[in-house]
Amino acid sequence: MKRRNFLGTIGAGAAPMAAPAQSTSAASPKPLSIGLIGCGGRGSYLAQETLAVKAAGNPVDLKAVCDIYQPRLERLSTRLKAKPFSSAAAMLGEGAVDAVIVATPDRTHLPLALQAIRAGKDVYCEKPLSHWSQFDLLKQFVAEARKSKAVVQVGAQWVSDPIWTTAAQRIKQGAIGKVVHAQTGYFRYGDGGERGMPVEDPNAQPGRGLDWLAFQGDGQARPFSVSRFFQWRMYMDYAGGPIMDLYPHPLTRLLKALNVGMPERVVAVGGRYLFDGGREVPDTVDVLIEYPGGPSVSVLGTQGNASGLDTVIRGSEGTVTFDKSFGMTFTPRPGGEGASMTLNSQPFVQDHLSDWLHCIRTRQTPRCDIELGYTVQVALIMAMRSLTGRKVAFWNSSRETITMG
Ligand SMILES: NC(=O)c1ccc[n+]([C@@H]2O[C@H](COP(=O)([O-])OP(=O)(O)OC[C@H]3O[C@@H](n4cnc5c(N)ncnc54)[C@H](O)[C@@H]3O)[C@@H](O)[C@H]2O)c1
């Protein structure tokens with residue numbers, strides 16, 4: 001490929017990859033029946049997205065909703081006119097849904113997603129794919145998902161912006177030469193995403209209408225606290241701070257473009273430098289990931305300052321820069337071939353959901369499939385182990401294990 005054709009036949013600003021078309025003609029397929037697990041902030045948002053996708057002509061029905069906290073369950077089931085379930089097992093057991101969206105806190109993603117694929121369902125699983133302590137469960141899930149051929153989409157929706165697929169194609173064709181270095185990150189100010197999670201009912205108690213055991217899942221049994229239940233992102237038992245909550249987004253996009261597989265070693269440094277007072281998770285973390293033979297990848301960020309950085313992929317023959325609005329610019333190395341070119345970002349949120357629905361019908365591979373999800377999650381788990389253990393995490397590719405040194 002000539003480097004001057006970095007963007008190939010795609011003109012600046014044009015959509016390189018159309019959203020999957022869903023026919024609404026007389027030959028329309030039977031609507032897909034979806035069950036949503038987790039009726040909190042993200043679940044409610046994805047319910048809205050599903051309605052929007054349906055309104056745009058995609059044959060889909062949100063038939064059932066599930067939550068272990070009764071007030072949220074009632075609210076969403078009433079709004080959507082969907083059948084309420086207080087346990088995923090009951091929802092799956094009824095057999096009325098074709099596919100399941102999992103939008104619960106991190107620790108319950110994989111146990112619920114595993115139940116769903118064992119019941120023969122396709123799954124849209126929110127990021128992060130697992131809790132940071134669930135490496136063995138992650139491997140088990142990946143093995144079962146591969147075997148079952150379930151269509152699994154990881155909910156890192158920004159990867160559905162077509163510029164990442166375009167970047168992947170061009171980089172694979174050698175457009176920027178040998179890729180040696182890449183940077184990305186997540187910078188913002190405030191811990192509203194953790195401490196600011198709304199405590200809906202300060203007098204809530206476990207029991208009827210609030211299943212505290214199901215919330216804790218395979219984690220350590222703890223006495224109930226309203227903060228742990230409603231503000232779970234503050235606690236290492238259920239969350240992991242920026243590495244688990246924020247970095248799945250930039251790292252998934254970057255790894256989509258780089259297509260590098262598993263890391264060789266990962267080191268992470270950081271801590272709780274700004275926010276304290278009961279918050280367990282760090283607010284600032286820098287992660288360095290080395291892939292075999294390169295590139296070296298940096299994922300940097302803090303919640304103490306919103307002055308961010310562009311995502312940049314550096315090759316021996318040129319550079320690809322993704323600015324904050326995710327436009328993509330190719331720049332040849334000084335004296336190299338070709339002129340700078342820019343491709344604008346495209347809408348992507350509903351696309352991620354409709355990509356999953358399209359792949360359920362066609363049995364194609366979704367944009368954030370289990371293989372991409374696995375490579376992202378392994379790097380993030382290695383980063384968490386490095387951060388918490390203050391050591392370097394190494395990946396053993398033949399045994400698929402992590403060792404610390
Ligand atoms: N892709 C994105 O941009 C994005 C944005 C926000 C959140 N998320 C992810 O979505 C997930 C949920 O986040 P949130 O902000 O909606 O949290 P939330 O606390 O608002 O909602 C979680 C809901 O899950 C319910 N729940 C907990 N355990 C359950 C179980 N075993 N079975 C059924 N329901 C259970 C809770 O009662 C609660 O209503 C997180 O993993 C988060 O990382 C992704």
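Residues numbered from 1 in each chain as written. Predicted model: local features only at pLDDT ≥ 70, side-chain atom pairs only at ≥ 80, totals over all residues. Heavy atoms only, no water.

What the rule picks out here adds up to 22 salt bridges. Between R72 and E200 there is a salt bridge; the shortest N-O distance is 2.6 Å. Of this pair, R72 sits in helix α2 (residues 70-80) while E200 sits in the loop between β7 (179-187) and α7 (212-216); the two residues are 128 residues apart in sequence, bridging distant segments of the chain. Between D191 and R195 there is a salt bridge, and its shortest N-O distance comes to 3.1 Å. Note on D191: relative accessible area 8%, which makes it buried. Each of D191, E194, R195 and R279 takes part in a single network of salt bridges with overlapping partners. (Salt bridge = Lys/Arg side-chain N within 4 Å of Asp/Glu carboxyl O. Helix = DSSP H or I, 4+ residues; strand = E, 2+ residues; numbered from the N terminus. Buried < 20%, exposed > 50% of the residue type's maximum accessible area, 1.4 Å probe, protein only.)

Glancing now at the packing of helix α1 (residues 41-55) against α2. Running from N to C, α1 and α2 cross one another at 10°; their axes reach a closest spacing of 11 Å. Relative to α2, the element α1 is oriented roughly parallel. Contacts between α1 and α2 pair S44, A47, Q48 and L51 from the former with L76, R79 and L80 from the latter. For the contact of α1 with α2, the per-class residue count stands at 4 nonpolar, 2 polar and 1 charged. (Axes fitted to C-alpha atoms, helices over the stretch in contact; angles between N-to-C directions. Parallel < 35°, antiparallel > 145°, perpendicular 65-115°, else oblique. Contact = heavy atoms within 4.5 Å. Nonpolar A, V, L, I, M, F, W, Y, C, P; charged D, E, K, R; others polar.)

On to the pairing of strand β15 (residues 393-396). Only one face of β15 is covered, namely the face carrying A393 and W395; the face carrying F394 and N396 is uncovered. Relative to β15, strand β8 (residues 265-271) is paired through 2 bridges, and the arrangement is antiparallel. Note on β15: the bridge partner recorded for R265 is F394. With 4 bridges connecting them, β15 and strand β16 (residues 401-404) associate as antiparallel partners. Paired with A393 across the two strands is M404, which belongs to β16. Linking β15 to β16, which pair antiparallel, is a turn of 4 residues; within it E400 sits at a positive phi near 50°. (Pairing = 2+ DSSP bridges.)

Taken domain by domain, the protein chain comprises domain 1 (3-10 + 161-194 + 239-346 + 370-404) and domain 2 (32-158). One C-alpha centre belongs to domain 1, the other to domain 2; they are set 27 Å apart. Contact with domain 1, which involves 26 residues of that partner, is made by 20 residues of domain 2. Between domain 1 and domain 2, the buried area comes to about 2,100 Å², and carbon and sulfur atoms account for 66% of it. Remark: the boundary between domain 1 and domain 2 carries 2 salt bridges. A salt bridge links R146 to E371; the shortest N-O distance between them is 2.8 Å. For the pair domain 1 and domain 2, the interface holds 7 residue pairs in polar contact (both at pLDDT 80 or more). Of all elements in the fold, only α9 (242-245), α10 (248-258), α12 (370-389) and β16 reach the threshold of two or more residues within the side of domain 1 that touches domain 2. Broken down by element, the residue count for the side of domain 1 that touches domain 2 peaks at 9 residues, all from α12. In terms of residue class, the side of domain 1 that touches domain 2 is made up of 13 nonpolar, 6 polar and 7 charged. (Domains from an automatic or database assignment. Buried area = accessible area lost by both parts, 1.4 Å probe. Polar contact = N/O pair within 3.5 Å; in protein donor to acceptor, adjacent residues only side chain to side chain.)

A separate point is the site of the ligand. The environment of the ligand is made up of 28 residues, and the closest members are R42, D67, H109, Q157 and W232. Within the side chain of E126, one N or O atom sits 2.9 Å away from a nitrogen atom of the ligand. Notes on the ligand: free accessible area 860 Å², of which the protein chains cover 90%. The residue inventory of the shell around the ligand, partitioned by class, reads 11 nonpolar, 9 polar and 8 charged. (Near = heavy atom within 4 Å. Areas by Shrake-Rupley, 256 points an atom, 1.4 Å probe, with all protein chains shown as cover.)

On the surface, a nonpolar cluster with roughly 410 Å² of combined accessible area is contributed by Y189, Y273 and L274. Relative to the assigned elements, Y273 resides in the loop between β8 and β9 (284-290). Note on Y273: relative accessible area 59%, which makes it exposed. (Patch = residues over 30% accessible without salt bridge, like charges linked within 9 Å, V, L, I, M, F, W, Y side chains within 5 Å.)

Look at α12: 27 Å from first C-alpha to last across 20 residues, which is about the 28 Å you get at 1.5 Å a residue. Most of α12 is tucked away, with 16 of its 20 residues classed as buried. Immediately beyond the C-terminal end of α12, within one or two residues, lies R390, with a positive phi of roughly 55°. (Expected span 1.5 Å × (residues − 1).)

Below, the discussion takes up the sheet that holds strand β3 (residues 83-85). One open sheet holds the 6 strands; their spatial order is β3-β2-β1-β4-β5-β6, and the pairing between them is parallel. Each edge of the open sheet is held by one strand with a lone partner, namely β3 and β6 (152-155). Averaged over all pairs of adjacent strands, the angle between their axes in this sheet comes to 20°, without regard to strand direction. Docked against the sheet, α2 engages β1 (32-37), β2 (60-66) and β3, running at close to 160° with respect to β2. Contacting β1, β4 (99-102) and β5 (122-126), helix α4 (residues 109-118) crosses the sheet at an angle of about 170° to β5.

It is worth spelling out the sheet that holds β15 at this point. The strands making up a sheet are joined through hydrogen bonds of the backbone, oriented either antiparallel or parallel. An order of β14-β13-β12-β11-β7-β10-β9-β8-β15-β16 is seen for the 10 strands of this open sheet, with the pairing classed as mixed. Both outer strands of the open sheet, β14 (341-343) and β16, are each paired with one neighbouring strand and no more. Put simply, the sheet's adjacent strands are angled 15° from each other on average, direction ignored.

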